[in-house]
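What follows is each chain in one-letter form.
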Amino acid sequence: MINEKCTRCGVCLTECPTQSITDGRKTYVIDVDTCDDHQACVAVCPVQAIVKFKVAIATPTPQAQMTANGPGAKPKPSPKK
Ligand code: SF4
């Protein structure tokens, strides 16, 4: 995530290997769908406007659980209270 400290200098733009940073209206922005979390941009920002932007997924979807458990795996039932 790029916060409000961003001065839109553009330094981070050339550092991103996946071109996931674009010029937004008030700040530059990171496309989290294409960002591979290289964090090359974090090191070059002169005002430390780029903060941790990939947040751990709190709860995997049943689809993600099936993929993680292998092909054909069924989602685990939720624990009952
Ligand atoms: S390097 Fe920092 S200040 Fe410059 S455009 Fe990127 S986020 Fe904004």
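Residues numbered from 1 in each chain as written. Predicted model: local features only at pLDDT ≥ 70, side-chain atom pairs only at ≥ 80, totals over all residues.

1. Remarks on the overall build of the chain
Where we set the bar: To qualify as a helix, a DSSP run of H or I must reach at least 4 residues; to qualify as a strand, a run of E must reach at least 2; elements of each kind are numbered from the N terminus.
Counting secondary structure elements, the chain contains two helices and two strands. For the chain, the N- to C-terminal ordering of α and β elements is β-β-α-α.

2. Points about the confidence of the model for the chain
Heads up, the condition is: Each residue carries a pLDDT value, the predictor's own confidence for that position, ranging from 0 to 100.
Confidence along the chain averages 79 in pLDDT terms, with 64% of residues attaining 70 or more. At the level of individual helices and strands, the chain shows its lowest average pLDDT in helix α2 (residues 62–69), which scores 51, and its highest in strand β1 (residues 21–23), which scores 95.

3. Digging into the site of the ligand
Rule in force here: Whether a residue is near a molecule or strand depends on its C-beta atom, placed from the backbone, lying within 6 Å of it. Lys, Arg, Asp and Glu make up the charged group, whereas Ala, Val, Leu, Ile, Met, Phe, Trp, Tyr, Cys and Pro make up the nonpolar group; the residues left over, Gly among them, are polar.
The full set close to the ligand counts 14 residues, and Cys6, Cys9, Val11, Cys12 and Cys45 are the nearest of them. Each residue belonging to the shell around the ligand can be placed in one class, and the counts come to 11 nonpolar, two polar and one charged.

4. A look at the environment of cysteine 9
Put simply, the test is: Neighbour counting defines burial: a residue surrounded by 20 or more other C-beta atoms within 10 Å of its own C-beta is buried, one with 12 or fewer is exposed, and intermediate counts give partly exposed, using backbone-placed C-beta atoms.
With respect to the helices and strands, the residue cysteine 9 is situated in the segment before β1. A count of 13 C-beta atoms within 10 Å places cysteine 9 in the partly exposed class. Residues cysteine 9 and tyrosine 28 lie 19 residues apart in sequence; the distance between their C-alpha atoms is 8.8 Å.

5. Here we look at the environment of asparagine 3
Filter applied, for reference: Any two residues are considered in contact once their C-beta atoms, placed from the backbone, lie within 7 Å.
Mapped onto the elements of the fold, asparagine 3 is located in the segment before β1. For asparagine 3, a count of 11 C-beta atoms within 10 Å corresponds to the exposed category. When the C-alpha atoms of asparagine 3 and valine 29 are compared, they prove to be 8.7 Å apart, with 26 residues separating the residues in sequence. Here asparagine 3 is in contact with Ala49 and Val51, once residues within four sequence places are set aside.

6. Observations concerning the environment of aspartate 23
Position of aspartate 23 relative to the elements: it lies in strand β1. C-alpha of aspartate 23 to C-alpha of arginine 8: the two residues are 15 residues apart in sequence and 7.3 Å apart in space. If near-sequence neighbours (up to four positions away) are discounted, aspartate 23 is found in contact with Arg8 and Tyr28.

7. Some points on the nonpolar core
Here is a general trend for soluble globular proteins: nonpolar side chains tend to be buried in one another's company. What counts, and what does not: We define a nonpolar core as a collection of buried residues of the types Ala, Val, Leu, Ile, Met, Phe, Trp, Tyr and Cys that are connected via C-beta atoms lying within 7 Å of each other.
If you look at the biggest cluster of nonpolar residues, it comprises nine residues: Ile2, Cys12, Cys16, Ile21, Tyr28, Ile30, Cys41, Ala49 and Ile50. Excluding residues within four positions of it along the chain, cysteine 41 makes contact with Cys12, Glu15, Cys16, Ile21 and Ile50.

8. Quick word on unusual backbone geometry
Notably, glutamine 19 is not glycine yet its phi reads approximately 50°, a positive angle. Locating glutamine 19 in the fold gives a position in the segment before β1. Looking at glutamine 19, the number of C-beta atoms within 10 Å reads 11, which means it is exposed. At glutamine 39, a position not held by glycine, the phi torsion is positive, near 65°. Secondary-structure assignment places glutamine 39 in the loop between β2 (28–30) and α1 (40–44).

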